Each structure stands twice: as structure tokens, then as C-alpha cells.
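# Structural features, examined
So you can see what is in the structure, the chains are spelled out below.
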Amino acid sequence: MRKLIPLVLFCASVSWTQSSPVLAIRNAKIVTVSGPAIERGTVIVRNGLIQEVSENATVPPDSWVVEGEGLTVYPGLIDALSSAGIPPPSSTPRPPGNSPPPARGPEDRPQTSSWIRAADQIRPDERKISVLRNQGYTSAVTFPTDGILAGQGAIINLAGDSAGQMIVEQRAGQYVSLARSGFSGFPTSLMGSIAYVRQVFLDLDHYQRAKNLYASHPQGLERPAYDRALEGLIDSPRILLPAVSDVEIQRMIHFSKELNRPTVLYGGMEAYSVASELAKEKIPVLVTLKWPEGSRDEDPDAVESLRALEQREKAPSTPSVLAQANVPFAFYSDGVEAPVKNVKRALDAGLSPDQAIRALTLSVAEIYGVADRIGSVEKGKIANLVVTKGDLLAEKPDIRLIVIDGARYEPPPPTSPAKAEATQ
Amino acid sequence: MKNFLWILACAASAQTIVIQNANVLPVTAPSFKGSVVMENGKIKEMGEKVMVPAGATIVEANGQYLMPGIIDCHSHIAAAAINEGSVSVSSMVGIEDVLNPKDISIYRALAGGVTSANVLHGSANAIGGKCSLIKLRWGENAEKLKFEGAIPSIKFALGENPKRRGNTPGATASNLRYPATRMGVEDVIRQAFNDARIYQAKWKEYREKSAQDASALPPRRDLKLEPLVEVLEGKRHVHAHSYRADEILMLLRVADDYGFKIRTLQHVLEGYKVAKEIAAHGAGASTFSDWWAYKIEAYDAIPHNAAVMVKKGVLVSLNSDSADVIRRLNTEAAKTIKYGGLTEIEALSLITINPAKQLAVDQRVGSIEVGKDADLVLFNKHPLSSYAVAQKVWVDGTLRFDREKDHEERPAKELRKKQLLEQSKQREGQKKNSTPRRTS
């Protein structure tokens, strides 16, 4: 009997159904997100795009029909900052004696791989793709994250025959991390990382001027040296800066104004206390779905600071505070395996379910400038849908169908503890 | 409601406050018993008898001691990073980028009567990072901590700290860092200023060229060399960590060679040996009262150091370099009366008007004078007494520390903490119950 279990699991992970060119989901409730919900309507998908969304659409005769009675259609969820699709860096240690010399300053471009594109790294069989997809995610904004200027993110659909087909947008922005890593070489401090990023963007301005000047009349001019770190930044439409605490958020607001580049902040745990400043500067925030928690391994009697306790209590109120202050925000998984479950804490803290769904769909698309492609159930958009029986944000959502680029996927049946025990 | 509170908060700082029946120690003028009037963040009037404006808040001092807010010329509080230790010249980094307005050390320094502090980069580099002079406006954000209009400054360091990474036992070639000797420290500083001069010349050339040719390409901006050019041009002050007489003289010579001034020598434990030379250069000295022997270069020290330098005509201050000592700089100052026989005014000057002059903000702070910032501290006893405890501290006329209020607020904070702990425990309990059991 035990032998059955691996078989069941195997089936679950590959249970996608064949695609037919036309799909019609009729008589379902449709949460469009871009407009009011349609209580009873039909969605028609053709060639991977949404062809029609209305209360009384005619179902084409060549359709694969899904009877939507009692079902709800949502736009597919989008993970606003993810590593889905990018295989984790290999853990083989560098051979000793072969490490690069420590950086002596910004000119050595330390911890920089800005030229790496997530779009070039995607592996369709990467594990997190199906983990997210099975929870109703159809897209993710995925970034290389190893370094200060780690690389260019990409917006990908979470299914496809090839990596190339999965890419929705190959330029999502540059991931910036200011955390210290490594023990020797510049920089080793937060202020060193900040100074480095500042110098790099000054260098970028200079580089572009020098290149333009040279391109206009190369004869008689000194040739600007090719710099791959700067080339990687040239076509980044925005930068993602880390900001978790209120002090960090204020620091990064200030830094963003100085860099004068489109900025998205990620982290946002204490954004509840600086929402008005964010609103004033119109800087979008990606809010982590990893709520702060007490450490499991600490001495349970250890005294915790009032500040840490306040943060733990109030972090889930950040989304509702940001919504009220009209700050654009979206949720990201932050390494959590079941991020949608954690949305409940934000709902408990005052976020409306509509706002929550928006922060998982259309708001992500808007922040990354792809709201004309994904994020809502609208005519002409990419057919990324999730169909549930009942509420998608319920504690145990009943996902019946996932549609990505018009292709249908069925999530694995929920593993109930009772059943698993029975098979043993 | 929030807006209303905000207006109220503004009104509070713009409010007129009269501190009466105080023993006032203006530092730059003789002491007197009387009142000080603060209005719109400035000192409006002072004297034995003053006009009490209508609607003013009266603070009855009952003979307690009012002195100017203490200024610490060398501190490392309120910053999320102190050392960029990877390179010997780290002038591209600055404390202003990493100020942490929520560091509890700010509040504790206020409780010791401090109202301004120069937050320095660490001493791991011959030329360190940019410093940030702050006012201890506890409760404000990082930008509002900055002492507006102050001349920027930078940290240098001589001796053991900057050369330590050059000869660490057991280090490999890849993590050793030049220099390894005091000679090397001098070389690093000279080389950096040679580079700065070349960079300065490049910009000069560009400015001349761009006057005729608007399309000329400017030089690449170099954040490491820009602050050094500012030093050469007198637009940025140098605070140099130093201990030994020989290295102090070395730095003064280097500065003379490149035509800039050392604003202050920090620590300067052997300053008493070369006080005349320090005074001749015009450098200030910011030292400890009686703290030494924590490393070889800090052995040849005497408690009379500050007094000897004062008497030789050096502008001297006492600093803390510590989040602990910063809370009792008044006691540090008192020690110079015992060791060296300074007068009360001279002793108080070491932690008020003198550091203000060294930091070039003496037009704004450092003494109680009409027109200066209302940065004041009320001590229960004479501040040079070991029994003195700061009771109330104003920065720009805003009460930022009040011992009484602090005590009153404690039970409510305790209660809040208890509630939060309870809620946190409850959540964890729920989570445990809802987590499915492992099934395989």
C-alpha cells in the first residue's frame, strides 16, 4: 500500500491538461479586478488571449466549455518579487586560492552582476514554479538576487513548453541589495554599499554621455571603455531598493530622490508608520508576506524590545494603511512556500478582500508597467486565470482550474491528512 | 486628528518658554541667578529680571542649574554603520547615509544633557568617511537630526588602527591591506591628496573648456576624491584620530605641505608634548579626561593633558567616543579642575563653547546668549558636581528629555509591552494548533 504514495504525488505534479485553442468558462462569477465583478458571466479565451468577458457572451461552437455554475474566475495571481524559475546557485565552493582579489573600491564593481538577466536563467522545470502555480499564481516577477546590483528581473508566466515562451517581459528592473556579504574587499558596510550604488549611477550618467558623444563623431575622440556593469543598468527601467523598517524606508526614499530613477521599495514591514511620506513621493512598495515572528530557538523567557513587539503586531496592518493612503503596493512571497495563506493576517488588520486580490494581481502589473498585458480579467489581455469554488483567500481555497496563456492546468487534489494516514 | 496633533506639536516648539529662578551658567558670560526666555527655538532674553511674555509656559527651576546643551565632538551613536574598513581611503562613504534616529543612545545622551554630537566614521582608515554633525532631536527622522548649515567634515586616522590590517598575524595576501606602518599611513594620505589635486585640475580644465564649448564632456565624478578636493579648498574640515606626538607632527606637516588645516586632533593623548605646535597650526584638540592605556600608543598619557593644552593656547574639548561616557561629559569636564586647575568656566567650555568652535557652529550653539539656539539643559545640582543629574533638556526650544515625564510614562509602556507579548503568544499558539501534522 505504501507504494501508492509516490505515484499519487507524481500525478499531482504534472496534472496539466491538453490545451484547446478556445476555452469558454460560462455562468461563473468573474472577479475582473479592473472593473466591477460580474455576478454571472462568461469568459472566452482564444489563442492564449482573453477574447471576451461579459454577462451574455455567445460560446463559440469549437470551445472547450467549463460549466462555471458556482465557480469564481479571478485573474491569475502574480508574485511581485520572486526567484521562481531561477535555479538556486550551485553550492559547490570555489576552489581555494582561486578567489578573485578583494575589491579596492567602486571601480572594481564589487558584488555586481547587473548584466545578468533573469530571462536568460529561466528553467521551466524549476521547483518553485509549480509550487506557486498550484496556489493560483500564474506569473511571477523573478530576479537574480545574489549581489549588490544583482541583475535584471523578468516577468514570467508560470508554465510553458520552453523558457522563451514563459517570458512576459524581459526587463522588470534591477534588484539592489545593500546587505553586507563577504569579508574582504569594498564594501563591507551599509554606508559602503550605499556609496557604491551612488557612484555606479553617477558613472552610468557619465558613461551614457561619453557613449553618445563618441557615437556622434568618433574621429578624434577618446573611446569610452566598455563597462558591462553599466551596460546592465542602461536598460533597467527601474530599481528595487530594500527597505524593511521605517528608518530604512525613509532612508531609501531619500536615496531614491537623489538617484532620480524610478524606484520600487521591497520589504515594507514598517511602512504603516511612514505611509504619508510614501504617498507624497509616489513610491510603490512591495510588501513581504513573511510577517515578522519571534524566533523559535530563542530562550522563551528572553526579554524582547517593545519596538520588536510593536513591529510584529503592526506589520500586517501595512497593506491596509498603504491602501488608505493611496500608496501603490503589491504582495510578494519572500521565500514563503504558501504566501496566499499569509494574506489573512492583512485582512484581519483591515485590508478588504478586493484590495488584497488587487495587491496580488493588477497592482503588481501596474507597478511593473505591464497592466496592459496581465493582472485582470479583461478583453485582449493574456489569458492567465484561476478558477475556484468559493473564495480564493479562504483558509483552504478550492482551486479547480488554472489557465496560463490559455492552457489549462489542474492543481493537485488537496492532500488531506486523513487520507494519507488511511493509505499507510 | 493627525493633522491637528501635528499642528499642536509645531505650536509646542514655537511656544514661548520661560525658565525662572535658575542658576544660569551661560559659559561665555558670568553666572547669574535669574531667567531665560526661549521663543521660536531661540534664546530671546536672559537676565535677573525678564519680561514674561503673555501665554508663556513657565518652568520653575527652584535654584537648579541651567547650562548650554553639551556638545560631543566625537561620537558614534545614531548610526547604522561606523567603519568601512575594507580600504585605506574610504572618503566615498558618509555617516549621513546611515543615520539611525531610533538609536536609543540618542535618548540616553539627551538624559546626560547632550544636545549636539559629531558622529564620526570609525578609525580603520588613514582617510575615513564623512562625519555627520547632529542635533539630538529625539523623535524626528534622520534628515531632521542633521545640524542644518554646518560645514561638512571628514575623519582621518593615524597610528595603530589604520595600519593594523597591514600586518595582521595569520592574514593571507588577499586580506592584507596597505599600509602596515606609520610611514605607510603618511604615504596613503599624501597619495590621496596627490590624486585629489589631479582630479581638481581636471575639473578646473573642464570648467574653462566648457565656457567655450558647451558640448565638452565633464570628467567622471569621483565620490572618493570630491571630499578631498573640498578639504584642499577649505570647504570640509578634518577631524584626525591621533595619539602619539610624532604622528601628530607628521600630520600637521602633511597638511601644511598641501595647504589645508587640520580642524581638530581627536584623542590626542600626547598633545601635551606638542601643544605649542598644535596651537601654531591652529588645530583644535579633542581629548579624553583620563582614559588611556587600552593599547600601546595610548600609554604615555596624563590626566593634565586637556589643561596643559588649554594653557598653551590650544582650543580644547573633551569628547566621549562612547555611548556610555556621552551620558556624563559634565563629570569628565570636572576632572580638569582637579587635574590641571582649570576654572569652572574653562572646564565647562571644554564640553560647550569649545567643541562648538571646533565644529564651526559657535554662532548657533555652545553658550547661553540671546539669539543663539535654545539648546539648554537643566541640572538639579551644579553640573560639575558628581551628584548632578540632568532633569530637562531642550533642543531648539523643544523639550526633548524630561526626567519626570520619563518616569510617568514607564508604567504605560510596561503595560503595552505585556499586551503585545500576550498577543504574540496567542498567535503562536493558534499557529501550532492549525499546522497540519506531518503525514509521511
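In this convention, every chain numbers its residues from 1, walking through the sequence in written order. Written order determines the labels here, with chains lettered from A and ligands numbered from 1. Under the rules for a predicted model, residues below a pLDDT of 70 receive no local features and side-chain atom pairs below 80 are neither given nor counted, while totals for whole chains, interfaces and linings still include all residues.

To continue, consider the overall build of chain A. Each helix is a run of H or I in the DSSP string that is no shorter than four residues. Each strand is a run of E no shorter than two, and both are numbered from the N terminus. Scanning chain A from N- to C-terminus turns up 13 helices and 16 strands. Taking all 424 residues of chain A together, 46% fall into the buried category. Pairs at least 24 apart in sequence give 71% of the contacts found in chain A among residues at least 6 apart. To sort residues by exposure, count the other C-beta atoms lying within 10 Å of each residue's C-beta; 20 or more gives buried, 12 or fewer gives exposed, and values between give partly exposed, all with C-beta atoms placed from the backbone. Placing C-beta atoms from the backbone, we regard two residues as in contact once those atoms come within 7 Å.

Our next topic: the overall build of chain B. Of regular secondary structure, chain B possesses 13 helices and 17 strands. Relative to the globule expectation of 22 Å for 440 residues, the C-alpha radius of gyration of chain B, 25 Å, shows essentially globular dimensions. Taken along its principal axes, the extent of the C-alpha atoms in chain B is 80 × 60 × 55 Å. Counting all 440 residues of chain B, 49% fall into the buried class. In this setup the radius of gyration rests on C-alpha atoms only. A globule is expected at 2.2 Å times the number of residues raised to 0.38.

Here we come to the pairing of strand β15 (residues 376–379) of chain B. Residue and element names in this part refer to chain B. Residue alternation in β15 divides its side chains into two sets, Leu376 and Leu378 and Val377 and Phe379, and both sets are buried. One ladder, built from four bridges, connects strand β5 (residues 65–68) with β15; its direction is antiparallel. Its bridge partner being in β15, Leu66 is matched across the sheet by Leu378. Being paired, for any two strands, means DSSP has found at least two bridges between them.

The strands that make up a sheet pair up through hydrogen bonds in the backbone, lying either parallel or antiparallel. All names here are of chain B. Across the sheet, three strands lie side by side as β6-β7-β9; this open sheet has mixed pairing. Pairing within the sheet leaves two strands with one partner each, and these edge strands are β6 (70–75) and β9 (132–135). Ignoring strand direction, the axes of neighbouring strands in this sheet form an average angle of 15°. Bridging between strand β7 (residues 114–119) and β9 involves four bridges; their strand directions are antiparallel. Looking at β9, one finds that Ser116 is bridged to Lys135. Helix axes use the C-alpha atoms of the stretch in contact, all axes being lines fitted to C-alpha atoms, and the angles between their N-to-C directions lie in the range 0 to 180 degrees.

Residues and elements named next belong to chain A. What a helix should span is 1.5 Å times the count of its residues minus one. A rise of 1.5 Å per residue sets the reference length of helix α6 (residues 246–259), with its 14 residues, at 20 Å; its end C-alpha atoms lie 20 Å apart and thus fit the reference within 8%. Those residues of α6 that sit buried are Val247, Glu248, Ile249, Gln250, Arg251, Met252 and Ile253. The first or second residue beyond α6 is Asn260, which carries a positive phi of 55°.

For this entry, the nonpolar core is defined as buried Ala, Val, Leu, Ile, Met, Phe, Trp, Tyr and Cys residues connected by C-beta atoms within 7 Å. Among the nonpolar cores identified, the biggest contains 233 residues, and A:Val73, B:Val36 and B:Leu66 are the most heavily contacted of them. Non-local contacts of A:Val73, meaning those with residues more than four positions away in its chain, are made with A:Ile25, A:Ala28, A:Ile30, A:Val31, A:Val43, A:Gly68, A:Val377, A:Leu385 and A:Val387.

A word on the interface of chain A and chain B. Each partner contributes residues to the interface: chain A has 38 residues there, and chain B has 38 residues. Among the secondary structure elements, those contributing two or more residues to the side of chain A that touches chain B are α4 (190–216), α6, α8 (306–314) and α13 (417–423) of chain A. With 13 residues, the single largest contributor to the side of chain A that touches chain B is α4(A). Each residue is assigned to one of three groups, with Ala, Val, Leu, Ile, Met, Phe, Trp, Tyr, Cys and Pro labelled nonpolar, Asp, Glu, Lys and Arg labelled charged, and all others, Gly among them, labelled polar. Its residues assigned to classes, the side of chain A that touches chain B comprises 17 nonpolar, twelve polar and nine charged.

Residues and elements named next belong to chain B. Confidence in the prediction of chain B, expressed as mean pLDDT, is 94, and 95% of residues score 70 or more. Scored below 50 in pLDDT, residues 1–13 shows five contacts in the model against residues more than four places distant or in partner chains. Reported confidence for the predicted complex is 0.94 by ipTM and 0.93 by pTM. A score between 0 and 100, pLDDT records how confident the predictor is in each residue.

Another point: the sheet that holds strand β8 (residues 127–130) of chain B. Residue and element names in this part refer to chain B. Strand order across the open sheet formed by six strands is β8-β10-β11-β12-β13-β14, with mixed pairing between neighbours. One side of each edge strand has no neighbouring strand; the edge strands of this open sheet are β8 and β14 (316–318). The mean inter-strand angle of the sheet, taken between neighbouring strand axes irrespective of direction, is 25°. The pairing of strand β11 (residues 237–242) with strand β12 (residues 264–267) spans four bridges and is classified as parallel. Each bridged residue has a counterpart across the sheet, and for Ala240 the counterpart in β12 is Leu265.

Here we take up unusual backbone geometry. Omega for the peptide link from A:Phe186 to A:Pro187 comes to -10°, which places this bond in the cis form. Within the secondary structure, A:Pro187 sits in the loop between β9 (167–176) and α4. In this structure, B:Pro179 follows B:Tyr178 across a cis peptide bond, with omega equal to 5°. In this structure, A:Arg109 takes a positive phi of about 50° despite not being glycine.

Looking now at the confidence of the model for chain A. Per-residue confidence for chain A gives a mean pLDDT of 90; residues scoring 70 or more make up 89%. In the model, residues 1–15 of chain A has pLDDT below 50 throughout and makes ten contacts with residues more than four positions away in sequence or in other chains.

Attention shifts here to the packing of helix α5 (residues 182–212) of chain B against helix α7 (residues 245–258) of chain B. All names here are of chain B. Following both chains from N to C, one finds α5 and α7 inclined at 20°, their axes separated by 11 Å at the closest point. Classed by the angle they form, the pair α5 and α7 counts as roughly parallel. Along this stretch, α5 crosses α7, giving a crossing that reads as right-handed. On the side of α5, the interface is formed by Arg182, Glu186, Ile189, Arg190 and Phe193, while α7 contributes Glu247, Met250, Val254 and Tyr258. Its residues placed into classes, the contact of α5 with α7 shows five nonpolar, no polar and four charged. Orientation is classified from the angle alone, with under 35 degrees giving roughly parallel, over 145 giving roughly antiparallel, 65 to 115 giving roughly perpendicular, and any other angle giving oblique. Crossing chirality is assigned from the near helix's rotation relative to the far helix, an anticlockwise turn below a right angle marking it left-handed and a clockwise turn marking it right-handed.

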